[in-house]
Each structure stands twice: as structure tokens, then as C-alpha cells.
Amino acid sequence: MNNCLCPPPPEFRINRIDDSKLKWLLLTMMRIREFEERVAELVIEKKIITPCHLYTGQEAVASGVCHALRKDDYLFGTHRSHGHYIAKGGDLKAAMAEMFGRATGCSKGRGGSMHLVAPEVGILGTSSIVAGSLPIAVGTALAESIRGTGRVTAVFHGDGVPEEGIWHESANLAALKRLPVIFICENNLYCTHMALDKRRVHDNLHRVAKEHGLESVVVDGNNVPDVYYAARDAVNRAREGYGPSFIECRTYRWRGHVGPNYDVDLGLRNQDELDAWVARCPIKHFAGFLVSIGILSKNDVEEMQRGVSFEIEEAVSFAVSSPFPDPADLTRYVFKGGASNDD
Amino acid sequence: MNNCLCPPPPEFRINRIDDSKLKWLLLTMMRIREFEERVAELVIEKKIITPCHLYTGQEAVASGVCHALRKDDYLFGTHRSHGHYIAKGGDLKAAMAEMFGRATGCSKGRGGSMHLVAPEVGILGTSSIVAGSLPIAVGTALAESIRGTGRVTAVFHGDGVPEEGIWHESANLAALKRLPVIFICENNLYCTHMALDKRRVHDNLHRVAKEHGLESVVVDGNNVPDVYYAARDAVNRAREGYGPSFIECRTYRWRGHVGPNYDVDLGLRNQDELDAWVARCPIKHFAGFLVSIGILSKNDVEEMQRGVSFEIEEAVSFAVSSPFPDPADLTRYVFKGGASNDD
Amino acid sequence: MTIKSYAKAVNEAHEQLLASDERVFVIGQGVESPWCVGTTTLGLVARFGSERVIDTPISEAGVTGAAIGAAMAGMRPIVFHPRMDFMYLAMDQIINHCAHWYYMFGGRVNVPVTIRGIINRGNEQAAQHSQSPFAMYVHVPGLKVVCPASPYDAKGLLVAAVRDDNPVLYIDDRWLYTLEEEVPDEIYEVPLGKGRVCREGSDVTVVAVSYLVREAMKAADILASERISVEVIDPRTLKPLDIDLIVNSVKKTGRLVVADPDWPCCGFSEHVAAAVYSRTFNILKNPVQFVTLPDAPVPAGTSLEKAYFPDKSDIFQAVKHFFAE
Amino acid sequence: MTIKSYAKAVNEAHEQLLASDERVFVIGQGVESPWCVGTTTLGLVARFGSERVIDTPISEAGVTGAAIGAAMAGMRPIVFHPRMDFMYLAMDQIINHCAHWYYMFGGRVNVPVTIRGIINRGNEQAAQHSQSPFAMYVHVPGLKVVCPASPYDAKGLLVAAVRDDNPVLYIDDRWLYTLEEEVPDEIYEVPLGKGRVCREGSDVTVVAVSYLVREAMKAADILASERISVEVIDPRTLKPLDIDLIVNSVKKTGRLVVADPDWPCCGFSEHVAAAVYSRTFNILKNPVQFVTLPDAPVPAGTSLEKAYFPDKSDIFQAVKHFFAE
Ligand SMILES: Cc1ncc(C[n+]2csc(CCOP(=O)(O)OP(=O)(O)O)c2C)c(N)n1
Ligand SMILES: Cc1ncc(C[n+]2csc(CCOP(=O)(O)OP(=O)(O)O)c2C)c(N)n1
Ligand SMILES: [Mg+2]
Ligand SMILES: [Mg+2]
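J.: Sorry, what's going on with the overall build of chain C here?
T.: A tally of helices and strands in chain C yields 12 helices and 14 strands. Over its C-alpha trace chain C gives a radius of gyration of 19 Å, about what one expects of a compact globule, namely 20 Å for 325 residues. For chain C, the spread of C-alpha atoms along the three principal axes comes to 65 × 45 × 40 Å. For chain C, with 325 residues in total, the buried portion stands at 74%. Looking at chain C alone, contacts between residues at least 24 apart form 83% of all its contacts between residues at least 6 apart.

Quick look at the structure:
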């Protein structure tokens, strides 16, 4: 466990963000955390079956990035996208119902945890194929560059993704055509059971991105204002036609690769490392910071937490009281239009 | 046409290469040139039908690299591999017969120009899928690293190849497992009709390779001793277990992408650029150099040229007098072993 | 109406689509190349600019994915592969990220992309530069597959493909590029999912695909002189298949040849045969005859190539086989 | 002989192959992972070292290509994909660089690689984590395809696949991992290309693939109580197919159900049907019945999943259909 893999607690520097925005950042992180932790319980209780890759610990990344995005900007995600969906403004009830495989789910029970969608806030889908949504994100950016709208696309991906060739193809295409797309690499140090050094010689993903022609930075992914500033710069560049950026956010997922376990029992990571990262909790530190500078009181924070818990509980109630998809609709949505599959 | 794309004539520095080796380098380049130019004629005469991607102008790369290889080292190539096949010691007659689609061809008339093979000298095939042979080359290197034999694999590829994701996957795997493989990038500035700057933001393929963990150098691909020295270093590293290398050889193909034309008429390149590179002919300059330092006389060079012409003419005679594959054998070689396909 | 070649018809469809719908754009390797796409993209860059007619690096997967993403964003991209052989590199994007997308998200995001897979074979190009594996794509739920065999259909099906709200694989064949016929000058659609009776007949139904339609027509001519009346059907769309058209013909003729320039096992030919057998049970007078590629990769040498690719004589033989005794 | 699970049988085959042949090595994503390959690679790294049991980055195409190259160099690699869904990314390598290689070079370089494609579906994993597109691979010339449905075959076919001089796609199914039966302790081969009559019967032939073999056996039990005698055939190798075994059975029973957990169009089920129809012309008493997946991507929610994947009751229904009137 070296300092590079496990840096000291985040230090916050803020600069021209108004209070309501700072509160939004905290609230969004809390909402994600509560959602994830509740899902973890429900998985343990076997009430949720769909494989859930939890985002706990990484909340600052989704929140910081999405804060820099407009509602109509696009977002694409991965197998681990609950946080992205929530931060972008996806409906909580529809997400929770999707976890439960219900007809009211955002994907009408067809997608499950790994396939969330919310076109109304620019989320056109998340792919569970590693790196699969990268070229698609380049594609929405291409569409908007042709149309000249200034809409930006953000695509989140893990540190495993640059092992897939298609990541490089996507980066090259984005750089070459100067597309308004931002690659956000959530480097949580692991890809399933493998640490980065078992998968690559160098810990230098941002440099590879740079060689492909992307503007490239590394930030502390547990520091939500830092993530936000990096994203804001990238969004501005993209919006103004200067092309794509790559933001490497160094962070950590508390839970194991999939499901509620911690993968420490399995010998895949060690407890010290996990403890150190739990100590770096992006929410705890940021809440403490906001209290310390007087933007929130401890009470405010507790109240926010209660509000969030209530919201999530409401979402669970909605989900469990929703109907299952009708098996008679099994072959609906294969094609749009046409007799039986129309919608 | 800038200096970077079209540098001054090669300057030769030689160092501990004995005379016979220098002669071999020249002879090999001449043999490739003669083969290619004869093929060009035969294509014009419509005697050869299979699509031929000619190597004229790039002879120093294949010759320099293969001089550093042992006979039992592996070589993989591309759609443009006549030169690689010849430099590695593949049989000329079998290659020419393959151009003519004859049963005596190295691939028994099944492969054509883009699929040459000579297992007896380590050539296990060439792929016409851009970047397709990269992972395969990593695979032979992996095999030899498991066996611990020290056999090295050389894989030639164009400057278009790093646009394909699989190149990156291959480079990463090679670096990670420290495999004895050498990537030789023949940067001839074009990929079919497109110059490099239409395909990538930066002209920095060697840097991308370096970020993946390959030892990486750039050499003048029209300077055969320079290519040889770079290859020798890479081969030594590989043979001793220090891992893979990347050698970018800056060069130029005289003929157009495919066939005997020059692609100047089509407006894809300009005549000045072509003229400048023809003036940098790797053979002319190297022959002149060997004469100037007294290793060969002008007469020797002419005699070598006559010998080479004779060899190629012999190969053509062999090819045209060979039988065509029997259509009754159409489905032979689908599977090895088993009733009808046995071999 | 003017006489136009198949290549010209494809080109004109592109042009009129680009001109009439600003959501349409074209992307692929070699729009500006003399080799890659025949003359089918000729003049498009000059007329519509390189922002809407986009040449690309060699990155089949990335480029296909980009077209898919653009389609999700409401554009109507035509992404092409100068050879179907290279499409394997984009298989994951085509299946996991395109064909399945609409379903996976409960109908909330559709992908109106047209993927153009060009067949380019012959002239000793060998196994990696000759393929036409239609069946792999017909196999995939969520993908429509068209395979025009005439200039008229080439134009009309491309228009219909681009206007369809779903991903459509449009497979054009360079062996047909010089084929000519009357083609309307204005833009029109040939509806997806509708086959065509190219020639009526009463003794044998020949269902033929792609360049084998032409060969079937030639074979039918010769057979007519032997008083065998052949009905030639071009399904045009391989999926969704106009099976009724085929079944009705077979009910009339009682005999079926499927001529499909793809490999045999799990091929489109077997798809048609299985459907017809089941729907015309005990009506067939003889077992279905298949004219397909052999179950072997494509060879280079001309002597083998000639034996490899079926033509009118193979269809002729298949029909004659019914009347052998 | 000991009672072993399917997963154990696969694991043991790996172990014995590694122990008995130094050309064998194993490479793929997740040899050391608790999720990826069930318990089928358990203990291999510990016993044979990470030089011969190699975990890899996420690079399906690159890793598959590396195994192919190693095979060309005379090794006997087993490269696996923890899910068949991810194999699409390696399609070009599998087809253009593996299946076609031996032919393309006139028989001079063969590729004795075993590609293990694991089926992992169910539990609401959805469309990108559930697929089993056998037919796409059966379609490709130069590739052998096996699909073991029992522990005995799982072990024996893996051994045969590795020892074969050609590329073999070995498809194992995680739904079968807990299935148990007597499996010899020593190494043995189940020959490629030979099917198995799992149960003899006289009224109906059911050709079943992968997990549907077990379902077919259950259905046959129930049907027996209704005095319908079902012959269950497991082809085991989808290519080359033991068609004679199937045809002989159908000649006896006159009725055929094909149960194949893959999509229907251009599927293996149609391949069998087309072959059987042609070879048993006018012998069938009823049209072939198909039990396949629907022509739709795989849904997530359990209520849909249950309706999506066929089981014994679908086979039961298909058989009953013959005796409806
Ligand atoms: C093409 C493909 N290969 C393999 C997998 C299996 N898989 C799912 S998630 C994952 C790890 C991804 O790691 P990373 O990108 O670091 O994201 P993280 O899980 O850490 O968020 C893998 C290998 C997959 N889903 N898709
Ligand atoms: C996967 C794939 N995509 C496209 C092609 C078409 N193609 C053949 S050669 C070539 C150019 C390759 O350029 P480069 O790598 O620079 O090699 P060069 O021809 O210059 O030697 C292309 C695009 C192909 N053969 N394979
Ligand atoms: Mg990670
Ligand atoms: Mg080049």
C-alpha cells in the first residue's frame, strides 16, 4: 500500500462555486451512497437479483462531473453506473424499480442494474461490455458536432477500459475530429480481481490519452470540487469546439467488484488498503469541510441525510409495489414500429 | 512536402558488420526490388491477377530487420509482405508461383499475394487484415517464452495499424508479459489514400508504443544499416528476456497502395514528394556507399544485379510452367486430419 | 426514369438521402478512396462536405460504434464497411450495442443506423477479402438485413433502410455494380420485408439471393428452352423475411431451390428450407436443393475461385436434378 | 470412476491436460477470479504456475490472437472467454486468423487451439451477459464446435478438443456446472463428431443441445408416463455433425423435435431440420418442431427470463403437439 495508490485525505480548495452548488454536490453524493447501500442490503436479502456493481466510495466522481454538465448533455456509463444515473438526474424510483426487474423500471425491467437509461436527462444507456459505450459516446458527440449544437457527451469508464482496443480507437477518432466528448476514467485501482500492475506495465493511462491527442489531467477522485473543476474545464473546451478531454480520477470502490461483499475475504485486496480508503470517504470529508467553513451546520447535514433516506425508501416502496413485466410482452421492443413490437 | 516527411539522403555509419553481411544486405534489397518490379510488369500484363501491394522503396526495412534474425525466429507480415518473405529467406519460386495462383505456390494457390507462408524459415503466415497478425505474433512469442527457447518473433506492420484497437491490446500484452517480440512499424506516410495527419492528431506512434511499455525507437527506414542496428538491439533484448520493442522505420512506398500505379495520377500524392523519395532510393545509396568505401566495385554491383535478375526470371519460369490447383481439391485443407481433408 | 448501373443507383440514393434529410450522414473507410467503395460514394464529399461524408481511420469497431451513437442521438447515419470481411471487428458493437439496444432499454432508445456491408470478392483476393456471411447477421435479433440484387432495389432499399427506425444491415455486392436497368430519378422506397417475384413459373421455385438472382434468371432462360418453367424469387430482405411469398410459390410449384452465396451450415438457405418444409409439409415433390458456397474458406487461385462461387450452371443443375429420372 | 460435477470434470480435464502435455497452457480473463469461470480453473495456477495458467488484461481480441499464434507455434492453448457474449470482440481473430488459416496457407500451418466459450446466463444478467450464439460459429468453415451437456462429455470432449489438430470451439454451460455423474478419474477422449443416444425411444426423436439435453430427459420421463416413447439425442459436437445418428433415429420414429438454446433464425435447429428433411424426405409424419429461444435479445427481469429460456415443459409441449388430434 503505497502513497500513490492511497494518498492522504482530500484537501478542498473552492473557488467561485456558490453555496447552493456546494450543497448540491454533497446531496448528490449522499443520495448515491444511500441508494447503493440500500441496494447492497436488498441484494443480501435476495430481494434484488440482478448483478449490482456498487459505486460506494466513488461518489465524488459522478457528482463532480455531472455538476459541470447541462441537463441535455449526454452521459454514457458502464456496469457500475447507478451513481452516474443519479448524478445526472435520472429518476430514483425508475432506477430502483429496474433493480427489482419491474415494468416501471427505467428500462421496463429488460435491462437490470447494468442497463440504466434516462433519455430525458441525456442518458441514452449504459453498457456492461467493458469499453463498449466509448465509441457510442464519440458518436453522440459526432452527431452534435455535425449539428453544431454545443451539446457535450460525458462517458464514464473504469481503469480496465484502456486494455480494450476500442478505447484507443474511440480516443483517436474523438481527437481527430475534435469532438465534444469527455472521457472520465474512474481509476479505482482494480479491474475485477486484478490490480492495475497485473494488467499494464505503467500506471499512465492519462499519458496514453494525451498521446492520442486528448487534453488530459489527473485528479483526486475523492475530492468533489477538484473533479468538478476538471470537468468544468473539459466541458468548456468541448462546448467551444476545442475537442475532447480525458480526466483520470483516482478513487476506490469500497465494495468488491460485484455485489455487497468487500473482496477482502476472498484475498483479492487487503483490509488495510480498504480501511485507508474508507477513511478517505469523499462524503465525510466534504461534509466536514462544508461545516468547517460554515456553509452547513451539523444539523443541516443530518437533515440532508434524513431527506435522502426518505427518498430512497420511497423509491424502494415504489419498486416493490410495481408490477412485473408481462411475459406476454416478451418479444416487444425487438423492433420499433411494425405490428407486434410497436411502441 | 516538409523535411520531416521527406528527409535528406541517408547517411551510413557502419560498425563491426563484416563485408559479407554488407553484401547480403545489398543483395537482399536488390532481390526484393527485382521481384517487385517484375511482379508490377506481370500485373500490367494481366498475367498476375491477385492484388499485389508492392514493397518497392521499403526494401531496407525488411532486409535490415531480417538480417538481425535467426532462421528459426518467427516473422509475421501484412498485405505488403513480399519483401519480408524474401528477406527472411522464403523460396522465391514458391512465392512467384503463389502470385500466379499455382499449386506449387507457397500457399498452394490458396493464399495469393497477401498470404505468403514459409514455415521452414519461421514465416507462419501473413494477414491481409490490418493489424490482424499483431496478436498472433505476440502469441508465438508467448509460446517461446513459455518454452524458454529464446526464439524471437518479428512482426511487420504499417503506420495505419495503431488505429486498430488490437494493436494496442497486443502491445500491452507483449509488454506486460515481457515477450520476445519486435513490432516493426513501416511508416510509409500513407494508409491507402490517406496521409497520417488525416488519421491521427500526432505523428507519434513510437511514443504510444513507449507508453504501453515497449522499448521504442525511430530510425530512417531507407538506411539499411540503421535499421539493422536497431533490430539487432531489439533482438538481443528480446532474446535475453528483456521484453518487446517497437521500431518505427520512416520510409516510403514508391508504387501506390495496390498494384503497379503510383497514385499520383489519382491525386492522392504529389509527384515532387514521390521524386524526392525515389531520389532517396535505399538501394542506390547503399550500393554507392559500399562502392565508395571499397567493399564492392561498380562491376560487382552490376554482376549482383544480373544474378538477381536471373533468379527472378527463373522463378517466373517456374511459376508459369506450374500446374493450377485441381478444382477437385477445392475443399481440401479445411481441416487437418480426417477423411477427405487429410494432408 | 433513366438507365442506371447498380453502383450509380447506390450513389444516387446516398446523394438524395443526404440532400433531403439533414439527419443523414455517411461515415466509413474510403469515401474518398478509388479502391474502397467502387463509385458508390463518388462526388459526395464534394457536394456535401467532409463534415457529413466522413472518411475515417482504420477502426472498424470504433467507427461503427460512433455511427451507432449518432443514431441514438437522432441522426440517420450510413456507416459502411468496404468489405464485409472487416465487419467482424465491429461485431460486438453491431450485436451488443446496436441490435440489442432498443430491447435492452425497454424501447426507450432506438438506433436508426444503416450499416452497409459491401461484398467484394473474386480476382484472387482470398479468404480474408471475399466473405459474405449473411447468416451471422440474420441470426441476431433486432437487426434487419437487406441484400439488393438489382439497381432498382439497391436504391429503394437503401432509402427504406435509412428511414427505418431500427438498425438495418444493407449488403451490396460489387459483382452487381455494373448491372443496369431503369431506375427512377426521384427518391423512393422499396419496402423492407417484401420479396419480389422476378419471373413467374410453374415447375420450380428458385429463391435466390444477391448476385445469384441474376444467375437464376439466366438459368431460368435456359431451362425455359427445355420446357421447365422456373419461378425466381428474390427475397430482397433476408430479415424480416417475406416467407409467405416463398411459401405460396412453393405451394404452386412443389419444388424449391435456394441459391445463396454464403456458407451452407446454419445459412440463410437452411433458414428458408426449414421454414418452407414446415409450412408446406408434404407438399414438396422433391427435397429442397441447395446452391451455396462450399463449407470452406474462399481460395485465391482462379481455378479454385471458379469452382468455389456458384453460378447459373449450378442453379441449372439443381433444377435439373428434380427431373433426373 | 467417481461421482463428479460438470465443473469438476472440466477442471480435471484442464489439470490432466496440463500435467500430461507440456504444450498445453491455459489463458483467459479470470483464471484467478472467483466470478469468472466458476470453479473450472480452481487450483490450476497453484499447481502449474502463472506461466502456464495465465490471467490476462481485458483484451478479448488480443488474447485470443495470442492463443492462436501460440497454437501455430505448436502449443496446445486453451483460451477461454468467461462469457460467450465477449467473444464477439474476438470474432475477426477467430474467423479470419484461425478458422481460415490452415486453408489459406494450403495446409502448411495448422492452428490447434481450443477456444472455450462459457455460457453464463440467468439471474437477471440481461442481453449482454446471457448469450449462446452457437450458430454463428457453426456457420464458419474451418471451426469445429462442441457443446458438452454432461460431466462425462465435458471432460472427454475437452481432451479431444485439445488433442485435435484444428481449432475447436468448446462451449460449456454454467447452468450445468452442478450436474453430477460418474466420471473416470483418468484422462480420456470423447471423439469429436460423434453424437450420443441418451435415451432410446420409438415415437419421437428429440435432438437437444447443451442444457436442454437434461430438460429433454426430464420431458421424456414425463412423456413416458403418457406412453409416448421419446428418443433423446445429444449431438455433442455441433460441427462436424453426426447427422447419420439423427437421421437413423428419425427414420425409426418419424418425428423430430430440435431443442436448441439459441436464437431461431439461421440457427443450429434449422440446420438439423434442413438436413433431416432432405435426408428423410417424406418419412416425417409431422413437421419438425422447434424449441429455441425467441427471436429477441435476452431480458433481465425474472418474469421475462422465465418465459425466455425454454425448459422441459417446452419440450413436452412440442412433443405433445404431434399427438394433438
Ligand atoms: C468485453 C468485456 N470483457 C470482460 C467483461 C467482464 N468485466 C465486467 S466489469 C469488469 C472490470 C472492469 O474494470 P474497470 O474498468 O476498472 O471498472 P470497475 O469495475 O473497476 O468500475 C470486467 C472485466 C465485460 N463486462 N466485458
Ligand atoms: C481490418 C481492415 N480494415 C481495412 C483494410 C483495408 N486496407 C488494406 S491495406 C490498408 C492500409 C494499411 O496501411 P498501412 O498500415 O500504413 O500499410 P501500407 O499499406 O502503407 O503498407 C487498408 C486500410 C484491411 N485490409 N483490414
Ligand atoms: Mg476499476
Ligand atoms: Mg502506410
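J.: Looking at this model, I keep getting lost on the sheet that holds strand 11 (residues 230–234) of chain C. Mind explaining?
T.: Where strands meet in a sheet, backbone hydrogen bonds hold them as pairs that are either parallel or antiparallel. All names here are of chain C. Taken in spatial order, the five strands line up as 9-11-10-13-14 in an open sheet, and their pairing is mixed. Strands at the two margins of the open sheet, each flanked by one partner only, are strand 9 (196–199) and strand 14 (289–292). Pairs of neighbouring strands in the sheet enclose a mean axial angle of 25 degrees, with direction left out of account. When strand 10 (residues 204–208) meets strand 11, the two strands line up parallel, connected through four bridges. The partner of valine 207 across the bridge, within strand 11, is isoleucine 233.

J.: Can you walk me through the side chain of Glu34(A) in this structure?
T.: Residue and element names in this part refer to chain A. Here glutamate 34 shows up in helix 1 (residues 19–44). There is no salt bridge for the buried glutamate 34, and the closest opposite charge comes from arginine 38, which lies 6.1 Å off by N-O distance. Here the side chain of glutamate 34 touches serine 309 through a polar contact of 3.4 Å, side chain to side chain. Those residues in contact with glutamate 34 that lie beyond four places of it in its chain are Gln305, Val308, Ser309 and Ile312.

J.: Sorry if this is basic, but what is going on with the coordination of the magnesium ion (ligand 3) here?
T.: Protein coordination of the magnesium ion (ligand 3) is provided by Asp159(A) (OD), Asn188(A) (OD1) and Tyr190(A) (O), with donor distances spanning 2.0 Å. We classify Tyr190(A) as buried; its relative accessible area is 10%.

J.: Hey, could you run me through the interface of chain D and chain C in this one?
T.: Much of the literature gives interface size as the accessible area that the parts lose upon coming together. With 48 residues of chain D at the interface, the matching set in chain C holds 48 residues. Summing both sides of the interface, chain D and chain C together bury roughly 4300 Å²; the carbon and sulfur share of this comes to 70%. Where chain D packs against chain C, one counts 16 residue pairs in polar contact (both at pLDDT 80 or more). Breaking the side of chain D that touches chain C down by element, the ones donating at least two residues are helix 4 (91–99), helix 5 (101–104), helix 6 (134–138) and helix 10 (268–279) of chain D. In terms of residue count, helix 10 of chain D provides more of the side of chain D that touches chain C than any other element does, seven residues in total. Here the residues of the side of chain D that touches chain C sort into 30 nonpolar, 11 polar and seven charged.

J.: Would you mind going over the site of ligand 2 with me for this structure?
T.: Neighbouring ligand 2 are 21 residues; His79(B), Arg80(B), Ser128(B), Asp159(B) and Glu60(C) lie closest to it. Site remark: ligand 2 is flanked by residues from chains B and C. At 3.0 Å, a backbone N or O of Val130(B) approaches a nitrogen atom of ligand 2. Burial of ligand 2 by the protein chains amounts to 95% of its free accessible area of 580 Å². Across the shell around ligand 2, the residue classes tally to eight nonpolar, nine polar and four charged.

J.: Would you mind going over the coordination of the magnesium ion (ligand 4) with me for this structure?
T.: A metal bound by six donors in octahedral fashion has ideal angles of 90 or 180 degrees, whereas one bound by four tetrahedral donors has an ideal angle of 109.5 degrees. All names here are of chain B. Within the protein, the magnesium ion (ligand 4) binds to Asp159 (OD), Asn188 (OD1) and Tyr190 (O); these donor distances fall in the range 2.0 Å. Linear spacing of the donor residues for the magnesium ion (ligand 4) on their chain is D-x28-N-x1-Y. Of this pair, aspartate 159 sits in the loop between strand 3 (153–158) and helix 6 (165–176) while asparagine 188 is found in the loop between strand 4 (181–187) and strand 5 (190–191), placing the two residues 29 residues apart along the sequence. Residues aspartate 159 and asparagine 188 agree in their burial class; the two are buried.

J.: How should the domain arrangement of chain C be read in this particular structure?
T.: Residue and element names in this part refer to chain C. When the domains of chain C are assigned, the result is domain 1 (2–183) and domain 2 (196–321). Taken over C-alpha atoms, the centre of domain 1 sits 26 Å from the centre of domain 2. Residue-level contacts link 32 residues of domain 1 with 29 residues of domain 2. Counting each side, the surface lost to burial between domain 1 and domain 2 is near 2300 Å², with a carbon and sulfur contribution of 60%. Sorting the residues of domain 1 by area buried against domain 2 places Glu124, Val138 and Trp175 first, and these three jointly supply 22% of that buried surface. Applying the counting criterion to the domain 1 and domain 2 interface returns 15 residue pairs in polar contact (both at pLDDT 80 or more). Contributing elements (two or more residues each) for the side of domain 1 that touches domain 2: helix 6 (134–138), strand 6 (144–146) and helix 7 (151–163).

J.: In this structure, what is going on with the relation of the copies chain D and chain C? I would like to understand it.
T.: With an RMSD of 0.0 Å, the fit of chain D onto chain C corresponds to turning through 180 degrees and sliding 0.0 Å along the axis. Classification of the inter-copy transformation places it as that of a two-fold axis.

J.: Please explain the site of ligand 1 as it appears in this structure.
T.: Around ligand 1 sit 21 residues in total, of which His79(A), Arg80(A), Ser128(A), Asp159(A) and Glu60(D) are the nearest. The residues that come close to ligand 1 belong to more than one chain, namely chains A and D. Ser128(A) places a polar main-chain atom, nitrogen or oxygen, 2.7 Å from a nitrogen atom of ligand 1. Separating an oxygen atom of ligand 1 from a side-chain N or O atom of Asp159(A) is a distance of 2.8 Å.

J.: Which parts of the structure should I look at to understand the state of the cysteines?
T.: A disulfide bridge is the covalent bond that connects two cysteines by way of their sulfur atoms. The full count for this structure, using the stated rule, is zero disulfides over all chains. A disulfide-free cysteine, Cys66(A) has its sulfur positioned 11 Å from the sulfur of Cys249(A), the nearest such atom.

J.: Looking at this structure, how should I read the relation of the copies chain A and chain B?
T.: Each of the two copies of the chain can be brought onto the other by a rotation about an axis and a shift along it. Structural alignment of chain A on chain B gives an RMSD of 0.0 Å, achieved by rotating through 180 degrees and translating 0.0 Å along the axis. Counting the interface residues of chain A, we find that 100% of their copies in chain B are interface residues as well, pointing to one common contact surface.

J.: Which parts of the structure should I look at to understand the interface of chain A and chain B?
T.: Listed by partner, the interface residues are 22 residues for chain A and 22 residues for chain B. A salt bridge links Arg207(B) to Glu211(A); its shortest N-O distance comes to 3.2 Å. Linking chain A with chain B are 13 residue pairs in polar contact (both at pLDDT 80 or more). Mapped by element, the contributors of at least two residues to the side of chain A that touches chain B are helix 6 (165–176) and helix 7 (205–211) of chain A. By residue number, the principal contributor to the side of chain A that touches chain B is helix 6 of chain A, which donates seven residues. Looking at the side of chain A that touches chain B, its residues break down into five nonpolar, seven polar and 10 charged.

J.: Looking at this structure, I do not really get the side chain of Gln125(D). What am I missing?
T.: Note on placement: Gln125(D) falls in the loop between strand 5 (114–119) and helix 6. Owing to a relative accessible area of 8%, Gln125(D) belongs among the buried residues under this scheme. Looking at Gln125(D), its side chain comes within polar contact range of the main-chain oxygen of Gly122(D), at 3.0 Å. Residue contacts for Gln125(D): discarding those within four places in its chain leaves Pro51(A), Met114(A), Arg83(D), Asn120(D), Ser130(D) and Glu305(D).

J.: Could you clarify how one ought to interpret the packing of helix 9 (residues 243–253) of chain D against helix 10 of chain D in this entry?
T.: Two quantities define a packed helix pair, namely the angle between the axes and the distance from one axis to the other. Residues and elements named next belong to chain D. Axis separation between helix 9 and helix 10 bottoms out at 10 Å; the angle between their running directions is 60 degrees. Considering the angle they form, helix 9 stands oblique to helix 10. Remark: the crossing between helix 9 and helix 10 carries right-handed chirality. For the pair helix 9 and helix 10, the contacting residues are Ile243, Asp244, Ile246, Val247, Val250 and Lys251 in the first and Val272, Ala275, Val276 and Arg279 in the second. In terms of residue class, the contact of helix 9 with helix 10 is made up of seven nonpolar, no polar and three charged.

J.: Just checking my understanding: could you explain the pattern of salt bridges for this structure?
T.: When their charged atoms lie close together, side chains carrying opposite charge are able to pair. Residue and element names in this part refer to chain A. Within the structure shown, the criterion is met by 76 salt bridges over all chains. Put simply, arginine 237 and glutamate 215 hold a salt bridge, and the shortest N to O gap is 3.6 Å. Linking arginine 237 in helix 8 (residues 224–239) with glutamate 215 in strand 7 (residues 215–220), this pair joins segments that are 22 residues apart in sequence. Owing to a relative accessible area of 22%, arginine 237 belongs among the partly exposed residues under this scheme. For glutamate 215, a relative accessible area of 40% corresponds to the partly exposed category.

What counts as what
Residues numbered from 1 in each chain as written. Chains lettered and ligands numbered in written order. Predicted model: local features only at pLDDT ≥ 70, side-chain atom pairs only at ≥ 80, totals over all residues. Heavy atoms only, no water. Helix = DSSP H or I, 4+ residues; strand = E, 2+ residues; numbered from the N terminus. Rg over C-alpha atoms; globule rule 2.2 N^0.38 Å. Buried < 20%, exposed > 50% of the residue type's maximum accessible area, 1.4 Å probe, protein only. Contact = heavy atoms within 4.5 Å. Pairing = 2+ DSSP bridges. Axes fitted to C-alpha atoms, helices over the stretch in contact; angles between N-to-C directions. Lys, Arg positive; Asp, Glu negative; His and termini not counted. Salt bridge = Lys/Arg side-chain N within 4 Å of Asp/Glu carboxyl O. Polar contact = N/O pair within 3.5 Å; in protein donor to acceptor, adjacent residues only side chain to side chain. Donors = N, O, S within 2.8 Å, 3.2 Å for Na, K, Ca; no water. Buried area = accessible area lost by both parts, 1.4 Å probe. Nonpolar A, V, L, I, M, F, W, Y, C, P; charged D, E, K, R; others polar. Near = heavy atom within 4 Å. Areas by Shrake-Rupley, 256 points an atom, 1.4 Å probe, with all protein chains shown as cover. Domains from an automatic or database assignment. Least-squares fit on C-alpha atoms with pLDDT ≥ 70 in both. Disulfide = S-S within 2.5 Å. Parallel < 35°, antiparallel > 145°, perpendicular 65-115°, else oblique. Left-handed = near helix turned anticlockwise from the far one by under 90°.

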